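Here is how the chains run, residue by residue.
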Amino acid sequence: MTGAVQEELDRVFRDEWGQVVATLIRVTGNWDLAEECAQEAFAAALKNWPEHGVPDRPGAWLTTTARNRAVDWMRREAVGAAKLKEVAAMIPDHDDEPDEPYDVPDDRLRLMFTCCHPALAMEARVALTLRTLAGLSTAEIARAFLVGESTMSKRLTRAKQKIQHAGIPYRVPPAHLLPERTPAVLAVLYLLFNEGYTDPLRSGLSSEAIRLARLLVHLMPDEPEAAGLLALMLLHDARRDTRLTADGELVTLEEQDRTRWDHAGITEGVDLLDAALRRGTPRPYQVQAAIAACHATARTAADTDWPQIAALYGQLKQTPVVALNRAVAIGMADGPAVGLRLVDDLAAGSLVGYHLLPATRADFLRRLGRYAEAAAAYRDAVELAGTDAERRYLTRRLEEVSR
Amino acid sequence: MKYLLMICGDESAEAHANDGCGGWSEEMEQRGVVEGGAGLRPPSEATTVRVRDDELLLTDGPFAETKEQIGGFVLINCANLDEAIEIAAKHPAAGYGTIEIRPVLDVPPEYV
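Conventions and cut-offs
Residues numbered from 1 in each chain as written. Chains lettered and ligands numbered in written order. Predicted model: local features only at pLDDT ≥ 70, side-chain atom pairs only at ≥ 80, totals over all residues. Heavy atoms only, no water. Helix = DSSP H or I, 4+ residues; strand = E, 2+ residues; numbered from the N terminus. Buried < 20%, exposed > 50% of the residue type's maximum accessible area, 1.4 Å probe, protein only. Contact = heavy atoms within 4.5 Å. Areas by Shrake-Rupley, 256 points an atom, 1.4 Å probe, with all protein chains shown as cover. UniProt positions renumbered as here; feature names shortened; annotations may be inferred. Domains from an automatic or database assignment. Salt bridge = Lys/Arg side-chain N within 4 Å of Asp/Glu carboxyl O. Buried area = accessible area lost by both parts, 1.4 Å probe. Nonpolar A, V, L, I, M, F, W, Y, C, P; charged D, E, K, R; others polar. Pairing = 2+ DSSP bridges. Axes fitted to C-alpha atoms, helices over the stretch in contact; angles between N-to-C directions. Core = buried A, V, L, I, M, F, W, Y, C linked by side-chain atoms within 4.5 Å. Patch = residues over 30% accessible without salt bridge, like charges linked within 9 Å, V, L, I, M, F, W, Y side chains within 5 Å. Expected span 1.5 Å × (residues − 1). Arc of directions from axis to C-beta.

Q: I'd like to hear about the overall build of chain A, residue by residue, with values.
A: Within chain A, the regular secondary structure consists of 19 helices and 0 strands. Considering only C-alpha atoms, chain A reaches an extent of 80 × 50 × 40 Å along its principal axes. In chain A, buried positions account for 49% of the 403 residues. Residue pairs in contact within chain A that sit at least 24 positions apart in sequence constitute 64% of those at least 6 positions apart. Carbon together with sulfur atoms contributes 52% to the accessible area of chain A, which is approximately 19300 Å² in total.

Q: Break down the UniProt feature "domain: RNA polymerase sigma factor 70 region 4 type" (unreviewed entry) in chain A for me, citing the residues and quoting the values.
A: Sequence positions flagged by UniProt for "domain: RNA polymerase sigma factor 70 region 4 type" (unreviewed entry) are, in local numbering, residues 112–163 of chain A. Annotation note: span residues 112–163 of chain A, helix share 73%, strand share 0%, distance between end C-alpha atoms 13 Å.

Q: Requested: an account of the domain arrangement of chain A, with residues and values cited.
A: Residues and elements named next belong to chain A. By the assigned domains, chain A splits into domain 1 (3–99), domain 2 (105–169 + 176–197) and domain 3 (222–304). Taken together, the contacts link 14 residues of domain 1 with 14 residues of domain 2. At the boundary of domain 1 and domain 2, one finds 4 salt bridges. Among the ionic pairs, Lys160 bridges to Glu35, the shortest N-O distance being 3.2 Å.

Q: Go over the interface of chain A and chain B with me, naming the residues and quoting the values.
A: At the junction of the two partners, chain A supplies 10 residues and chain B supplies 7 residues. Regarding the contact of chain A and chain B, the summed buried area is about 600 Å², with carbon and sulfur atoms giving 58% of it. Of all residues in chain A, Ala166, Gly167 and Pro169 of chain A bury the most surface against chain B, accounting for 48% of the area lost on that side. The interface formed by chain A and chain B holds 2 salt bridges in total. Between Asp82 of chain B and Arg181 of chain A there is a salt bridge, with the nearest N and O atoms lying 3.4 Å from each other. Class assignment of the residues belonging to the side of chain A that touches chain B gives a composition of 5 nonpolar, 3 polar and 2 charged.

Q: Just give me the short version of the environment of Glu268 of chain A, but keep the residues and values in it.
A: Residue and element names in this part refer to chain A. Position of Glu268 among the secondary structure elements: in helix H12 (residues 263–277). Taking the relative accessible area as the measure of exposure, Glu268 reaches 30% and is therefore partly exposed. Along the backbone, Glu268 and Glu255 are 13 residues apart, and their C-alpha atoms lie at a distance of 24 Å. If we ignore the near neighbours within four places in the chain, the residues touching Glu268 are Arg214 and Leu234.

Q: Lay out the sheet that holds strand E1 (residues 2–9) of chain B in plain terms, naming residues and giving numbers.
A: Residue and element names in this part refer to chain B. Pairing in this open sheet of 4 strands is antiparallel, and the strands run E2-E5-E1-E6 from one edge to the other. Sheet topology places strand E2 (34–39) and strand E6 (98–103) at the edges, where each strand pairs with a single neighbour. Direction aside, the axes of adjacent strands within the sheet are offset by 20° on average. Judged from the 8 bridges that link them, E1 and strand E5 (residues 69–77) form a sheet pairing that is antiparallel. Directly across from Leu5, in E5, lies its bridge partner Val74.

Q: Requested: an account of the nonpolar core, with residues and values cited.
A: Most often, soluble globular proteins keep nonpolar side chains buried together rather than apart. Residue and element names in this part refer to chain A. Within the largest apolar cluster, 117 residues are counted, with the highest numbers of intra-cluster contacts made by Leu62, Leu111, Leu130, Phe145 and Leu216. Looking at this core, the element that brings in the most residues is helix H2 (residues 31–52), giving 10 residues. In contact with Leu130, other than residues within four places in its own chain, are Gly135, Leu136, Ile141, Phe145, Leu192, Leu205 and Glu208. Counting residues in hydrophobic clusters, the runner-up holds 23 residues, among them Ala359, Ala362, Val382 and Leu398.

Q: Outline unusual backbone geometry, listing residues and values.
A: The backbone of Leu146 of chain A sits at a positive phi, close to 55°, despite the residue not being glycine. Looking at the element boundaries, Leu146 of chain A is found in the loop between helix H7 (138–144) and helix H8 (149–165). One non-glycine residue with positive phi stands out, namely Asp54 of chain B, at about 65°.

Q: Now, about a nonpolar patch on the surface: what can you tell me, with residues and values included?
A: All names here are of chain B. Taken together, the side chains of Val49, Val51, Leu56 and Leu58 make up a nonpolar region of the molecular surface, amounting to roughly 400 Å² of accessible area. Here Leu58 is to be found in strand E4 (residues 55–60). The exposure class assigned to Leu58 is exposed, which follows from its relative accessible area of 55%.

Q: Tell me about H8 of chain A, and please be specific about residues and values.
A: Residues and elements named next belong to chain A. With 17 residues, H8 should reach 24 Å at 1.5 Å per residue; the first-to-last C-alpha distance of 24 Å fits that figure. Residues Met152, Arg155, Leu156, Ala159, Lys160 and Ile163 constitute the buried set of H8. For H8, the angular spread of buried residues about the axis comes to 125°, placing them on one side. Exposed residues on H8 whose side chains face more than 90 degrees from its buried face are Lys154, Arg158 and Gln164. Buried-residue contacts for H8 involve H2, helix H5 (107–115), helix H6 (122–133) and H7. Within two residues after H8, Gly167 carries a phi angle of roughly 75°, on the positive side.

Q: So what's going on with the UniProt feature "domain: DUF6596" (unreviewed entry) in chain A? Residues and values would help.
A: Sites flagged by UniProt as "domain: DUF6596" (unreviewed entry) map to residues 181–276 of chain A. In this annotation, residues 181–276 of chain A is assigned 65% helix and 0% strand; the end-to-end C-alpha distance for the span is 19 Å.

Q: Which residues make up the pairing of E5 of chain B, and what values do they have?
A: Looking at chain direction, E2 of chain B and E5 of chain B are connected through 5 bridges and run antiparallel. Within E5 of chain B, the position partnered with Val34 of chain B by the bridge is Ile76 of chain B.

Okay, structure coming up:
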């Protein structure tokens, strides 16, 4: 096969898998069958396209092929004639009516809301989204979440069974449910993004999250929080390559090489955010994106608009972690002594055991020149740090203040 | 779809035993989604039955000694889980106890 066809096939797979599965689920009502038929359609394309060339509308070709497989299967299983007719009629064959739009655009949105239904466990929502919408294989998802393939396979099966047996509807929720259901979808995408963002070996998850968030923004153009989430992801992702050295050492925001940030990504994120903010009271993802934008658009670390960042943290729900970040921003704006006082006020709260609490204290103490106390706080932080990169970074700081 | 709403609560929920459902029953009857249900006497008055090797075993009390116990149940018939969730969330017991929604097993047509 020529490289060009393979490349095209990969692209089509990425772009069309979700649509093919989403449409097949709608018309067959059977998730496993939908996935199987989609898989067979892609296998058929792999055979057919190198010989006959990529069709003009590859998505329509795939959906039709998958539909035909579903009809065959239903015939074999003697599914009722009415249902069969419905499936057969669902899309025109790709030969006739080429101008007819073949897809119902909100099938993927239906699929997204169903995969992210709050009656499913969070881990099931994430896995199902990756499998059915993004087209990752069960083995790939298992690897991404560090569980065995059979465990992941069971998780997916159970989720699909619950959708079917508990009667989770395959639909975009009605308007009155959207305010509570849209955040559930956004939360799945953000979790996915963060899984990939915190572990360089799994950065593919972040790309999938961004791709799905783009799709969501496209499908829900009137939902500013979807745009806010996409902006947030893009603004974080723009710094991805500068957060670690070639040896895997952590580089703080302050020390990152800002010329290496992805400036196209930053511009896209800021534009999206600006458009979303014009639509009214900003909600949490937009506020977080605004904070990320303050960092991303500061030419140097010293140019960072810390008072603005502190004010933005003040707009978020004051969880202990948000309060800590706000204390950092105020400390950066008004001086380390003020920051330290705020952090010490938090110390008695629910942040006990969270390594960034002593790490933040240590940083303010270091900036105040109180090195002995800083060293003690860095030691506490090293003890609690979750990853090797964090431990090495904190140890480096500890050595600096111990000299 | 048929669902069983199991209305659970801890001991403090007993205080609500005779509260009634504040319009919930009327609304649901009117919508035609309720197929049956009842409130229950407290678990201290329960008797648990098992038969093992043809021997009848009786225990005083509920089948599991958990903090939350079933205090009532409603069988509903509605469009889908979203509607079942909406119905359960409106029940006054959702405000102090817990309501478990269980889809009822589909019985193959030949047994109906």
